[in-house]
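Structural characterization, general
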Amino acid sequence: MKETRICANCGAEHPIEDMFEVERDWLCEDCADRLTVICDHCAERVYEENAVEDDTHTLCDHCFDEYYVRCDDCGRIIHRDRAYWDGDDNAYCMSC
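Here, residues in each chain are numbered from 1, in the same order as that chain's written sequence. Local features in this predicted model are restricted to residues of pLDDT 70 or higher, and side-chain atom pairs are both shown and tallied only at a pLDDT of 80 or more, whereas totals for entire chains, interfaces and linings draw on every residue. Hydrogens and water molecules were not included; the side-chain quantities draw on all heavy atoms of the structure.

With that settled, the discussion passes to the environment of C39. Where helices and strands are cited, they refer to DSSP runs of H or I of at least four residues and of E of at least two residues respectively, numbered from the N terminus. In this structure, C39 sits in the loop between β5 (36–38) and β6 (45–47). Spatially, the C-alpha atom of C39 lies 9.8 Å from that of H62, the residues being 23 residues apart in sequence. Sequence-distant contacts of C39, that is, excluding residues within four places in its chain, are made with E44, T58, L59, C60 and C63. Residue contacts follow a heavy-atom distance rule, with two residues in contact if any of their heavy atoms lie within 4.5 Å.

Here it is, written out as structure tokens:
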């Protein structure tokens, strides 16, 4: 007998191999496609509402906090290693 899970969003039962675990919830493929995104840094699936995003990046909170900052001028997400820092510890992208 196949192991199944109930989708935390739609409530339908699905085989576990057709499910995605997202932030401790089990979601069916359709709900996962509609409600989640994949972190560009670690490739983990997170709810879109919990992702940190700009025009070029989609990140989970953990990866953003550990590896990225926002430009203090334009708000663009930049990797900490590529940020330009001023004497007051403010981060800027190359454009700013």
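Now that the structure has been shown, we can carry on.
Here we take up the environment of D72. Relative to the assigned elements, D72 resides in the loop between β9 (68–70) and β10 (77–79). Along the backbone, D72 and G87 are 15 residues apart, and their C-alpha atoms lie at a distance of 13 Å. Those residues in contact with D72 that lie beyond four places of it in its chain are N90, A91 and Y92.

A few words on the pairing of strand β3 (residues 19–22). Each pair of strands is called paired provided DSSP finds at least two bridges between the two strands. The pairing of β3 with strand β4 (residues 25–28) spans four bridges and is classified as antiparallel. Looking at β4, one finds that M19 is bridged to C28. If you look at the hairpin formed by β3 and β4, you'll find two residues sitting between the two strands, and E23 has a positive phi there, around 45 degrees.

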